[in-house]
Amino acid sequence: MKIAVVGTGYVGLVTGTCFAETGNHVVCVDIDENKVNKMKNGVVPIYEPHLDVLFERNIKQGRLEFTTSLNDAIKDAKIIFLALPTPPDEDGSADLSYILGVADDLGKIITDYKVIVDKSTVPVGTADKVTAALAANLSTDLFDVVSNPEFLREGYAVDDFLKPDRVVIGTSSEKAKKVMGDLYKPYVRQGNPIIFMDEKSAELTKYAANSFLATKITFMNEIANFCEKVGADVDMVRIGIGSDSRIGKRFLFPGIGYGGSCFPKDVQALAKSGKEFGYDFQILDSVMDVNEKQKTIIVPKIKDFFKGDLKGKTIALWGLAFKPDTDDIREAPALYIINELLEEGATIVAFDPEAMENVKSKYGDKVTFVEDRDSAIVNADALVIATEWQVFRNPDFDLMAEKMNQKVIFDGRNLYDTQEMKELGFYYNSIGRIL
Ligand code: UGA
């Protein structure tokens, strides 16, 4: 099938590359000429495990192309994916100007039937708005608009795309249903469902999924905070409840709050959208409040330990990305921790396997960056762990004992066994577990 993907951000790039991988011909279009030139030369502009291999292979075999011309990209395409940014505007609602702008352009240049797919996370009702924008210049016989939300996790996006738990397709058109069903068939051979529904339900499914997961994590974070008050162990509680299949084992890990570009934005947008329709999502307001506090919950613990004075203290920081296997620092708890520690007068020495460049460009020399895990802890008065990268799971504790000024760890991701840390003589403070 011939496909065009408009927007080569994270979603567009993964979508385009993975569609090419199953033999489709994909043209990706972006207004950023510099980026397009780099991609033409095989440079993947984002860090996403496994994407580079697929990217290179499909470019080489002529199934993945890049252009800055919308016209060139769409002229032979049967399906056009819109993978454009929907940043929150000042009041938290999703800004649709990019999507509607492109829909308007498409209405002026389309000459034969095409399926236009909303791939970006967009508020309920967007398919109608895209339809209206197209219909302003184009006969409704020449297009159908479909909502096809993505459920890709950063770090696992390629795998999530190639083997999705489910594919959600929102359309009221039988013709579009057939086109989309054929396109996704190779990805659901194991029997996972392609779920067809109306456009609005598909749009809401995406927000509901992300908001539910954010709520699940936030609930566990509150249980963890309460565990610390009563002397219970959140790991035990997590396993205790997670084995109930109605609850499930996944996404129950407490920590220093959810971050990234999706959960914070989508929870906020759903709450906002609720208010617009006269519905008050009280649960989402609480989720946002609790998560905001959770991001810096470790700082008062550090202050307590150092009797309120962090001036002149050196804090090693392991992990800057909002989660492992990404260089994404959007809404990363580490940044909130850095801000508060700097305000308290601490010196920060940080290491992250992928995200340091992104943080450097924000903080300059206010934070010291080192090239490996073990260099960060030299002469540190405490270590803070903000991201659960695999490389932090099995450190050399003897080396740490030798190199650190004090054997003190504040772990926001519960990486180590509390008993073992006690035996090793570390002061080890984690989330929701007995000291
Ligand atoms: C999330 C969803 O998982 C994807 O299905 C969705 O497609 C994507 O948003 C999106 O809307 O584009 P992502 O933001 O990449 O994916 O990351 P997740 O792996 O879901 O983690 C989100 C946050 O939750 C991270 O900050 C992570 O540290 C936190 N988390 C996750 C926990 O604190 N505890 C857990 O048990 C799981």
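The name given to the protein chain in an unreviewed UniProt entry is UDP-glucose 6-dehydrogenase, with Vicingus serpentipes as the source organism. Under the UniProt heading Pathway (unreviewed entry), the entry covering the protein chain gives this text: "Nucleotide-sugar biosynthesis; UDP-alpha-D-glucuronate biosynthesis; UDP-alpha-D-glucuronate from UDP-alpha-D-glucose: step 1/1." Under the Sequence similarities (unreviewed entry) heading, UniProt states for the protein chain: "Belongs to the UDP-glucose/GDP-mannose dehydrogenase family."

Considerations on the overall build of the protein chain
Within the protein chain one finds 18 helices and 14 strands. For the protein chain, whose C-alpha radius of gyration is 24 Å, the value lies close to the compact-globule estimate of 22 Å for 435 residues. Principal-axis analysis of the C-alpha atoms places the extent of the protein chain at approximately 70 × 45 × 40 Å. Relative to its full complement of 435 residues, the protein chain shows a buried share of 45%. Considering only residue pairs separated by 6 or more positions, the protein chain has 72% of its internal contacts joining residues 24 or more positions apart.

Thoughts on the domain arrangement of the protein chain
Its domain assignment divides the protein chain into domain 1 (2–197), domain 2 (207–294) and domain 3 (298–429). Facing the eight residues of domain 2 at the interface are 12 residues of domain 3. Across the side of domain 2 that touches domain 3, the residue classes tally to two nonpolar, five polar and one charged.

Some remarks on the site of the ligand
Taken together, 20 residues sit near the ligand, with Glu154, Phe253, Tyr258, Gly260 and Cys262 positioned nearest. Sort the elements by how many residues they give to the shell around the ligand and helix H9 (residues 199–230) lands first, with three residues. For the shell around the ligand, the residue count by class is 11 nonpolar, five polar and four charged. Counting only domains with at least three residues in the shell around the ligand, you end up with domain 1 (2–197) and domain 2 (207–294).

Side note on the UniProt feature "active site" (unreviewed entry) in the protein chain
Listed under "active site" (unreviewed entry) in the UniProt record, and renumbered for this structure, are Cys262. The topology assignment puts Cys262 in the loop between helix H10 (234–242) and helix H11 (263–276).

Topic: unusual backbone geometry
Unusually for a residue other than glycine, Phe251 sits at a positive phi of about 60 degrees. Mapped onto the elements, Phe251 comes out in the loop between H10 and H11.

As for the UniProt feature "binding site: substrate" (unreviewed entry) in the protein chain
Cross-referencing UniProt, the feature "binding site: substrate" (unreviewed entry) maps to Phe151, Leu152, Arg153, Glu154, Lys206, Phe251, Leu252, Phe253, Pro254, Gly255, Gly259 and Lys323 in the present numbering. These residues run over 173 residues, and the two farthest C-alpha atoms among them are 23.7 Å apart, placing them at more than one spot. Within the secondary structure, Lys206 sits in helix H9. The class of Lys206 is buried, set by 25 C-beta atoms lying within 10 Å. What Lys206 contacts, discounting residues up to four positions off in sequence, is Thr121 and Pro149. You can call Phe251 partly exposed: it has 14 C-beta atoms within 10 Å. Not counting chain neighbours up to four residues away, the residues in contact with Phe251 comprise Leu213, Lys216 and Ile217.

Looking at helix H1 (residues 10–21)
Under the 1.5 Å per step criterion, the end-to-end length of H1 is 17 Å for 12 residues, consistent within 8% with the ideal 16 Å. For H1, the tally of buried residues reaches 12 of 12 residues, placing the bulk of the element in the interior. Residues Tyr10, Val11, Gly12, Leu13, Val14, Thr15, Gly16, Thr17, Cys18, Phe19, Ala20 and Glu21 constitute the buried set of H1. In this structure, the buried side of H1 is in contact with strand E1 (2–6), strand E2 (25–29), helix H3 (51–60), strand E3 (64–67), strand E4 (79–82) and helix H7 (157–162). Gly23 occupies a position one or two residues after H1 and carries a positive phi of about 100 degrees.

Side note on the packing of H9 against H11
Two elements in contact, H9 and H11, have axes whose closest approach is 9 Å; the angle formed by their N-to-C orientations is 110 degrees. For the element pair H9 / H11, the angle class is roughly perpendicular. The hand of the H9/H11 crossing is left-handed. Of the residues in H11, those in contact with Tyr207, Asn210, Ser211, Leu213 and Ala214 of H9 are Phe263, Asp266, Val267, Ala269 and Leu270. Of the residues assigned to the contact of H9 with H11, the class counts are seven nonpolar, two polar and one charged.

Cut-offs applied
- Residues numbered from 1 in each chain as written.
- Predicted model: local features only at pLDDT ≥ 70, side-chain atom pairs only at ≥ 80, totals over all residues.
- UniProt positions renumbered as here; feature names shortened; annotations may be inferred.
- Helix = DSSP H or I, 4+ residues; strand = E, 2+ residues; numbered from the N terminus.
- Rg over C-alpha atoms; globule rule 2.2 N^0.38 Å.
- Buried ≥ 20, exposed ≤ 12 C-beta atoms within 10 Å, placed from the backbone.
- Contact = placed C-beta atoms within 7 Å.
- Domains from an automatic or database assignment.
- Nonpolar A, V, L, I, M, F, W, Y, C, P; charged D, E, K, R; others polar.
- Near = placed C-beta within 6 Å.
- Expected span 1.5 Å × (residues − 1).
- Axes fitted to C-alpha atoms, helices over the stretch in contact; angles between N-to-C directions.
- Parallel < 35°, antiparallel > 145°, perpendicular 65-115°, else oblique.
- Left-handed = near helix turned anticlockwise from the far one by under 90°.

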